[in-house]
Amino acid sequence: MMMQAAAAAAGSQQYPAATLYVLATPIGNLADLTYRAAHVLSLVDAVACEDTRVSGGLLRHLGLHKPLIALHQHNEHEASVGLIQRLQQGERIAYISDAGTPAISDPGAVLVAAVAAAGLRVFPVPGVSSTVTALSVAGDVQAQGFEFAGFLPTKTAERRTALSALRNSPRSQVLFEAPHRIKALIELLGELCPLQKVTICRELTKQFETVYTAPAAELPAWMAADSQRERGEFVLVLHALKAESAADSDLPAQALRALQILAAELPLKQAVSLAAEISGAPRNKLYELALAQKKAREDQED
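Everything numeric here is computed off the predicted structure, so don't read it as measured data.

Basis of the calculations
- Residues numbered from 1 in each chain as written.
- Predicted model: local features only at pLDDT ≥ 70, side-chain atom pairs only at ≥ 80, totals over all residues.
- Heavy atoms only, no water.
- Patch = residues over 30% accessible without salt bridge, like charges linked within 9 Å, V, L, I, M, F, W, Y side chains within 5 Å.
- Areas by Shrake-Rupley, 256 points an atom, 1.4 Å probe, with all protein chains shown as cover.
- Salt bridge = Lys/Arg side-chain N within 4 Å of Asp/Glu carboxyl O.
- Helix = DSSP H or I, 4+ residues; strand = E, 2+ residues; numbered from the N terminus.
- Disulfide = S-S within 2.5 Å.
- Buried < 20%, exposed > 50% of the residue type's maximum accessible area, 1.4 Å probe, protein only.
- Pairing = 2+ DSSP bridges.
- Axes fitted to C-alpha atoms, helices over the stretch in contact; angles between N-to-C directions.
- Contact = heavy atoms within 4.5 Å.
- Phe/Tyr/Trp six-rings, centres within 6.5 Å; stacked < 30°, edge-to-face > 60°.
- Parallel < 35°, antiparallel > 145°, perpendicular 65-115°, else oblique.
- Left-handed = near helix turned anticlockwise from the far one by under 90°.
- Nonpolar A, V, L, I, M, F, W, Y, C, P; charged D, E, K, R; others polar.

Chemist: It is not clear to me how a nonpolar patch on the surface should be interpreted in this structure. Could you clarify?
Modeler: Where nonpolar side chains cluster on the molecular surface, the patch consists of I104, F146 and F148 and spans about 250 Å² of accessible area. Tracing the sequence through the fold places F148 in strand β6 (residues 146–151).

This is the structure we're talking about:
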């Protein structure tokens, strides 16, 4: 039934031969596959994919049987050569990644560039993208556009440098993270940009989907409250920095961290006084920051 509906909905468009179709697939919920994507998959001569086991399951769900060609980050250059030869013989080829839109923190860009350089056509078949999905529920009303940062470096020093460069942006920053590093990332967010809101999206479109927005300083405690929150696939949106908060970003990380720890245990004025003494940061700036953090917590509770 689905394939008949897909043909009825998308069959009137032209789908030329000797063309690479870069096709988006669901990020967790098979119902998110578009009719057009299903129809294109039924037309192509072969499907190039990041993992033949994952893509084979998708094709079986659709009742399709197509040759599968592995093209992933370790063989993209070599596999592209063979695919170009097939395209030059007039075949239609689809490229799909394991989930979402290819070439966005996934393989595909090398293939697309090689096909275009060979003078062959590349057609997009749009659909789900975890980046856009996360942005749609972040509610970052002050952002002036967004930037895709993807996975930050894994080494601690490089990660800190990369995040420090992102945190002062007037645009939303979209980050990806693996489950085994998510705690380290949110702790670093809480240290470097405690007042900025972060939207954590976990297991988007799946049964245990979670979307939570809070100031970065509060995220470690939120995650620690439930061990299940560390599991799954994560997309984070670091909200744009408010113009009036720009001065706070000049405070050293040591001062921000000291204030965060002390304010959780001590009265506000005492926490500010000790944080200033420990870090050497201006007392007035720390006090303004502490008041803003307190208000942010109260707003979140309301």
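Past the structure itself, the notes keep going.
Chemist: I'm lost on the state of the cysteines in this one. Help?
Modeler: What is meant by a disulfide is a covalent connection between two cysteines, made through their sulfur atoms. Following the criterion strictly, the structure yields 0 disulfides and no others. The closest cysteine sulfur to the non-disulfide-bonded C201 is located on C193, 16 Å from its own sulfur. For C201, a relative accessible area of 0% corresponds to the buried category.

Chemist: Looking at this structure, I do not really get the sheet that holds strand β9 (residues 210–215). What am I missing?
Modeler: Strand pairing in a sheet relies on backbone hydrogen bonds. The paired strands run either parallel or antiparallel. Sheet architecture is open: 5 strands sit in the order β6-β7-β10-β8-β9, paired in mixed fashion. This sheet does not close on itself; its edge strands, each paired only once, are β6 and β9. Going from strand to strand, the sheet's axes swing by 15 degrees on average, the running direction of each strand aside. Where strand β8 (residues 197–202) and strand β10 (residues 234–238) come together, 5 bridges link them in antiparallel fashion. Along β10, the bridge assignment pairs C201 with V235. Strand contacts of helix α7 (residues 156–166): β6, β7 (172–177) and β10, with the helix running at about 155 degrees to β7, the strand carrying the most contacts. On top of the sheet, helix α8 (residues 182–192) reaches β7, β8 and β10; it is set at about 5 degrees to β10, its chief contact.

Chemist: Even after reading the chapter, I still don't get the packing of aromatic side chains, so can you show me in this structure?
Modeler: The description of an aromatic ring pair uses the distance of the two centres, along with the angle that the planes make with each other. In the structure shown here, the tally under the stated rule is 5 aromatic pairs. Ring geometry for Y21 against F123: centres 5.7 Å apart, planes inclined by 80 degrees, an arrangement best described as edge-to-face. Separated by 102 residues along the polypeptide, Y21 in strand β1 (residues 19–23) and F123 in strand β5 (residues 121–125) bring together distant segments of the chain. Taken as a pair, Y21 and F123 share a single burial class, namely buried. For the ring pair F151 and F176, a centre distance of 5.7 Å and an interplane angle of 75 degrees mean the geometry is edge-to-face. You can see F151 sitting in strand β6 and its partner F176 sitting in strand β7, a full 25 residues away along the chain.

Chemist: Is there a simple way to think about the packing of α7 against α8 in this case?
Modeler: Between two packed helices, what matters for the description is the angle formed by their axes and the separation of those axes. Two numbers describe how α7 lies on α8: the axes approach to 11 Å, and their chain directions differ by 50 degrees. The angle between the axes of α7 and α8 places the two elements in the oblique class. Between α7 and α8 lies a crossing of right-handed hand. Across the interface between the two elements, R159, R160, L163 and S164 from α7 touch L185, L188, L189, E191 and L192 from α8. Considered class by class, the residues forming the contact of α7 with α8 number 5 nonpolar, 1 polar and 3 charged.

Chemist: Hey, could you run me through helix α2 (residues 35–43) in this one?
Modeler: Each α-helix turn comprises 3.6 residues. Residues three or four places apart therefore point the same way. Inspection of α2 places A37, A38, H39, V40 and L41 among the buried residues, and these make up the whole buried set. For α2, the secondary structure elements touched by its buried residues are α1 (2–10), β1, β2 (46–49), α3 (52–62), β4 (92–96) and β5.

Chemist: Mind showing me how you'd approach the pattern of salt bridges here?
Modeler: Pairing is possible between side chains of opposite charge, provided their charged atoms come close. For the coordinates displayed, the defined rule picks out 8 salt bridges. R159 is paired through a salt bridge with E177; the nearest N and O atoms lie 2.7 Å apart. With R159 in helix α7 and E177 in strand β7, this residue pair connects regions lying 18 residues apart in the sequence. Each member of the pair, R159 as well as E177, carries the same accessibility label: buried.

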